[in-house]
Amino acid sequence: MARIIVVTSGKGGVGKTTTSASFATGLAMKGHRTVVIDFDVGLRNLDLIMGCERRVVYDLVNVINGEAALHQALIKDKHTENLSVLPASQTRDKEALTLEGIEAVFDELAKDFEYIICDSPAGIEHGALMALYFADEAIITTNPEVSSVRDSDRILGILQSKSRRAEKKLDPVKEHLLLTRYNPTRVEMGDMLNVEDVQEILAIPLLAVVPESKDVLKASNHGIPVIHQQTTDAGQAYNDMVARFLGAELPHRFIEPPKKGFFQKVFRSRA
Amino acid sequence: MNSTLTSKPSNTAFQLKGGIFTLTTLELHNSCLISFCQQLQAMSEKAPHFFQQTPVVMALETLPATVDAPDLRAIAGRLRESGMILVAVRGGEQFRYTAESAGLAWLPFQKTKSEKNVVMMQQNGQPMPVERHELNGTGQKEDTSGISGSETKIIDQPVRSGQQIYAPGDLVILSQVSPGAELLAGGHIHVYGLLRGRALAGVNGDPEARIFCHRFEAELISISGHYKLTGQTEESSWSRHWGQSVLIKLAEDRLHISRL
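## Describing the overall build of chain B
(1) Moving on: In terms of helices and strands, chain B carries four helices and 17 strands.
(2) Moving on: The proportion of buried residues among the 260 residues of chain B is 38%.
(3) Moving on: Considering only contacts in chain B between residues 6 or more positions apart, those separated by 24 or more positions represent 37%.

## Structural notes on the overall build of chain A
(1) Moving on: Helix and strand content of chain A: 13 helices and eight strands.
(2) Moving on: Evaluated residue by residue, chain A yields a buried proportion of 56% over its 271 residues.
(3) Moving on: For chain A, the share of sequence-separated contacts (at least 6 apart) that also reach a separation of at least 24 residues comes to 74%.
(4) Moving on: As displayed, chain A has an accessible area near 11,900 Å², and 49% of this comes from carbon and sulfur atoms.

## A look at the packing of helix H7 (residues 146–162) of chain A against helix H10 (residues 195–202) of chain A
All names here are of chain A.
(1) Moving on: Remark: H7 packs on H10, axes separated minimally by 10 Å, with the N-to-C direction vectors making an angle of 30 degrees. In terms of orientation, H7 and H10 fall into the roughly parallel class. Once H7 is placed against H10, the crossing between them reads as right-handed. On the side of H7, the interface is formed by Val149, Ser152, Asp153 and Leu156, while H10 contributes Val198, Ile201 and Leu202.

## Brief notes about the layout of surface pockets
Residues and elements named next belong to chain A.
(1) Moving on: Taken as a whole, the second largest pocket spans an internal volume of roughly 520 Å³.
(2) Moving on: Along the walls of the second largest pocket sit 24 residues, with Gly13, Val14, Gly15, Lys16 and Thr18 positioned nearest its centre.
(3) Moving on: Counting only elements with at least two residues in the lining of the second largest pocket, the list comes to helix H1 (16–29), strand S7 (174–182), strand S8 (206–211) and helix H11 (214–222).
(4) Moving on: Looking at the lining of the second largest pocket residue by residue, the class counts come to nine nonpolar, 10 polar and five charged.

## Some thoughts on the sheet that holds strand S3 (residues 84–90) of chain B
Residue and element names in this part refer to chain B.
(1) Moving on: Spatial strand order, S1-S2-S3-S4: four strands in an open sheet with parallel pairing. Each having just a single partner strand, strand S1 (24–27) and strand S4 (105–107) make up the two edges of the open sheet. Going across the sheet, the axis of each strand differs from the next one's by a mean of 40 degrees, ignoring polarity.
(2) Moving on: The pairing of strand S2 (residues 54–59) with S3 spans six bridges and is parallel. Bridging across to S3, Ala59 finds its partner in Arg90.
(3) Moving on: Each of S1, S2 and S3 is contacted by helix H2 (residues 72–81), which is oriented at about 145 degrees to S3, the strand it contacts most.

## Some points on the sheet that holds strand S16 (residues 246–251) of chain B
Each strand in a sheet pairs with another by means of backbone hydrogen bonds, the pair being arranged parallel or else antiparallel.
Residue and element names in this part refer to chain B.
(1) Moving on: Strand order in the open sheet formed by six strands is S7-S9-S11-S13-S16-S17, and the pairing between neighbours is mixed. This sheet does not close on itself; its edge strands, each paired only once, are strand S7 (153–155) and strand S17 (254–259). Across the sheet, the mean angle separating the axes of adjacent strands is 20 degrees when strand polarity is ignored.
(2) Moving on: Note that strand S13 (residues 211–216) and S16 share three bridges and pair antiparallel. Looking at the pairing, Cys213 lines up with Val246 of S16.

## Notes on the pattern of salt bridges
(1) Moving on: This model, assessed by the stated rule, comprises 18 salt bridges over all chains.
(2) Moving on: Note that Glu219 of chain B is salt-bridged to Arg150 of chain A, the shortest N-O span being 3.9 Å. Placement of Glu219 of chain B in the loop between S13 and strand S14 (220–223) and of Arg150 of chain A in helix H7 is noted, with the two residues assigned to different chains.
(3) Moving on: Across the salt bridge formed by Glu212 of chain A and Arg181 of chain A, the nearest N and O atoms sit 3.4 Å from each other. Here Glu212 of chain A is found in the loop between S8 and H11, whereas its partner Arg181 of chain A is found in strand S7, with 31 residues between them in sequence.
(4) Moving on: Since its relative accessible area comes to 39%, Glu212 of chain A is described here as partly exposed.
(5) Moving on: Each of Glu200 of chain A together with Arg196, Arg215 and Glu217 of chain B takes part in a single network of salt bridges with overlapping partners.

## A few points about the nonpolar core
Residues and elements named next belong to chain A.
(1) Moving on: Counting 51 residues, the largest nonpolar core has Ile37, Phe39, Phe106, Leu109 and Ile116 as its most contacted members.
(2) Moving on: If you tally residues by element for this core, the top one is H7, at five residues.
(3) Moving on: Setting aside residues up to four positions removed in sequence, Ile116 forms contacts with Ala2, Arg3, Ile4, Ile5, Val35, Ile37, Phe106, Leu109 and Ala110.
(4) Moving on: Judged by nonpolar contacts, the second largest core, of 34 residues, contains Ile75, Ile117, Val210 and Phe254.

## Focus: H10 of chain A
Residues and elements named next belong to chain A.
(1) Moving on: Within the span of H10, buried status applies to Val195, Asp197, Val198, Ile201 and Leu202. The arc that holds every buried residue of H10, seen down its axis, measures 165 degrees, which confines them to one face.
(2) Moving on: Between the side-chain oxygen at the start of H10 and the backbone nitrogen of Glu196 there is a gap of 3.0 Å, and the oxygen is on Asn194.
(3) Moving on: Backbone geometry just after H10 places Ala203 at a positive phi near 55 degrees.

## Observations concerning a nonpolar patch on the surface
Residues and elements named next belong to chain B.
(1) Moving on: On the surface, a nonpolar cluster with roughly 300 Å² of combined accessible area is contributed by Phe21, Leu23 and Val87.
(2) Moving on: Structurally, Val87 is set in strand S3.
(3) Moving on: By relative accessible area, Val87 is classed as partly exposed at 35%.

## Quick look at the environment of Thr230 of chain B
Residues and elements named next belong to chain B.
(1) Moving on: Mapped onto the fold, Thr230 is located in the loop between strand S15 (226–229) and helix H4 (235–240).
(2) Moving on: With a relative accessible area of 24%, Thr230 lands in the partly exposed category.
(3) Moving on: C-alpha of Thr230 to C-alpha of Arg198: the two residues are 32 residues apart in sequence and 9.8 Å apart in space.

## Here we look at the confidence of the model for chain B
As a note on interpretation, predicted positions should not be read in detail where pLDDT is low.
All names here are of chain B.
(1) Moving on: Chain-level statistics for chain B give a pLDDT mean of 77 and a share of 78% at 70 or above.
(2) Moving on: Low pLDDT (under 50) marks residues 1–8, which in the prediction has 18 contacts with non-local residues, meaning those over four places away or in another chain.
(3) Moving on: A low-confidence stretch, residues 112–150 (pLDDT under 50), is modelled with 57 contacts involving residues beyond four sequence positions or located in other chains.
(4) Moving on: Interface confidence in the predicted complex, given as ipTM, is 0.75; pTM for the same model is 0.67.

## Remarks on the interface of chain B and chain A
Interface size is commonly expressed as the accessible area that is lost once the parts come together.
(1) Moving on: At the interface, 17 residues of chain B touch 16 residues of chain A.
(2) Moving on: Carbon and sulfur atoms make up 40% of the area that chain B and chain A hide from each other, which totals about 1,400 Å².
(3) Moving on: Looking only at chain B, the three residues that lose the most surface to chain A are Arg160, Ser161 and Arg196 of chain B, adding up to 37% of its buried area.
(4) Moving on: In this assembly, chain B and chain A are joined by four salt bridges.
(5) Moving on: Of the charged contacts, one joins Glu200 of chain A and Arg215 of chain B as a salt bridge, the two residues approaching to 3.3 Å between their closest N and O atoms.
(6) Moving on: Looking at the side of chain B that touches chain A, its residues break down into four nonpolar, eight polar and five charged.

What counts as what
Residues numbered from 1 in each chain as written. Chains lettered and ligands numbered in written order. Predicted model: local features only at pLDDT ≥ 70, side-chain atom pairs only at ≥ 80, totals over all residues. Heavy atoms only, no water. Helix = DSSP H or I, 4+ residues; strand = E, 2+ residues; numbered from the N terminus. Buried < 20%, exposed > 50% of the residue type's maximum accessible area, 1.4 Å probe, protein only. Contact = heavy atoms within 4.5 Å. Areas by Shrake-Rupley, 256 points an atom, 1.4 Å probe, with all protein chains shown as cover. Axes fitted to C-alpha atoms, helices over the stretch in contact; angles between N-to-C directions. Parallel < 35°, antiparallel > 145°, perpendicular 65-115°, else oblique. Left-handed = near helix turned anticlockwise from the far one by under 90°. 1 Å grid on protein atoms, 1.4 Å probe; cavity = no way out; pocket = protein on both sides within 12 Å on 5 of 7 lines; lining within 4 Å. Points joined across faces, edges and corners; volume = space filled by probe spheres on them. Nonpolar A, V, L, I, M, F, W, Y, C, P; charged D, E, K, R; others polar. Pairing = 2+ DSSP bridges. Salt bridge = Lys/Arg side-chain N within 4 Å of Asp/Glu carboxyl O. Core = buried A, V, L, I, M, F, W, Y, C linked by side-chain atoms within 4.5 Å. Arc of directions from axis to C-beta. Polar contact = N/O pair within 3.5 Å; in protein donor to acceptor, adjacent residues only side chain to side chain. Patch = residues over 30% accessible without salt bridge, like charges linked within 9 Å, V, L, I, M, F, W, Y side chains within 5 Å. pLDDT = per-residue confidence, 0-100. Buried area = accessible area lost by both parts, 1.4 Å probe.

Quick look at the structure:
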C-alpha cells in the first residue's frame, strides 16, 4: 500500500518545495519507488527545483481532466532512479483540482509507487486542502519564527479535522515536524525561536532540523535538489531526515546546545 | 444572563433583554388530532387545575419523519381549553412554515439536559417537577438515571490555532490549547495542558462557571461575558500567575485569578 505524504506549512516561503524535492529524492536514493506531485496549480515551482521544467508536457490537471494519461504526464527524474515528478499546471487555477480526480490519480499511482509526496501550496484554501486530504502522514515544514509556527499550528488543526482520515474516523494523520532555515547563531541571540520553543508550541515529534544555508538557494537555481550535495549541511540534514523517516535513530544535528528560550526571555520581564 | 440590546432605559419606551425561561415541552408522537384530544381530555380529567395559563412549547422533532403536518391551529385551540398556551413549536424544519402560518414561533431543536428526565405533573393540585411518567402509558416510572455527566465534553488532542470547541456543559481539555484557538463552554472549563488560546466559560450566562488550567498563558479569559485580555489587564494578577496552575472565577463582576 502506497503511503501518501503531504509536505505542508500554511505559510509560504518556508521551504515546502525544497523539502518535497529533497525528501522525494532521498527516498528514491534509498531504493523506494517515489513520485512527487506539485499541487501548487498556477504557480508551479517543483519542476524548476527538480530541474525538469523543459520536459513538462502534460500536468496534474490534464490527468484529472482526462486530457492525458498518467504515464504521459509523469516525468522520470534524470538524476535519480525510482523517482518521478508529476508537475502542476501553470495556466490553470486550483479550482481545477477535485477530490474525485485526485483520488483516481492516487489510486493509479499507488500501483507503481511506494511513496506519493504531495508538495502543498501555501495557505489553507482549496489547493492546500486538496493536497492534504488523502494524506497518511504530514511533514509540517516550519521556520523558527512566530508567524510560521502559528500557521503550522493552524494546518495541524486542519489535518485533524478536514483530512480523509479525520472525516472517516481512521487513525489520525501521522505528523512530523521539520524545522527549516534554522540559524543557531540567531537563535542564540534570541532573534529566532529555538527547537524546544517550536516543539513546545506544536507538540509533535521532530523529524529534522535543516540549517539556513546558501547552498539551498544555489541548488534550487541549478535545478538539483540539495540532498545531492552531501558535503553541505543542508544536504546532510535532508539525508538525516529521510533516514529518520525510514526508521533510523540518529541524533539531531545542526542545533546548538539548548539556550534560554525566546518565550522565557520575553515573559521574564512580565514577572 | 440578561444582555442589554438598547441603552438608556430612562429615555426609551422599552428595552430589549435576553432571558432564559423554563417552559413545559409537549412532545408530539403522531399528528392524529383525535388521539391527541383523547389523551388531552383524559389528562384534564385527572388534573383539571394543573395547567393554568401555562406556556407550552410543542416538540415536533419526535414525530416520525414521514408524517403529515399536524393541525397546529386545532391543537393550539384544544390546548387553550385545557389552560395551556402554545407559544412555539420546536424542531421539524419541514413544519416551519406551518408554524408561521399558525402564528407560532419556531425554535430549532437542541438537546438539553433536563427535559428528558423531568416532566410537570400534579401533586396535591400544585405543579411540581417530579420524575417522568409516560403520559400515555401505564403510569410506570421511567428510568431517570444519568442527569449529570452526559453533557461534559472531553478532548484529548491538542486544540490548534483556528479551532473552536464548544460544549453546552463542561469542557475538559487533556492536551494543550494553542494561541488562536477558542474554547467555549456553558459550564466550567478544565485544561490539563498549556492554555495559550482563549477560554470562555459560562457562555450562556452562568456566573458560577470557572476556568481551571494547569499552565496559564492565555490570550483571553471570560466568564459569563466578563473578560480579560492578556495585554490590557493590570500588571499584577495576570503576569504573576503566568505559567502557573490557576483557577479563574467571577466575584463581584470581576474576574479573579488565583493559584491552584
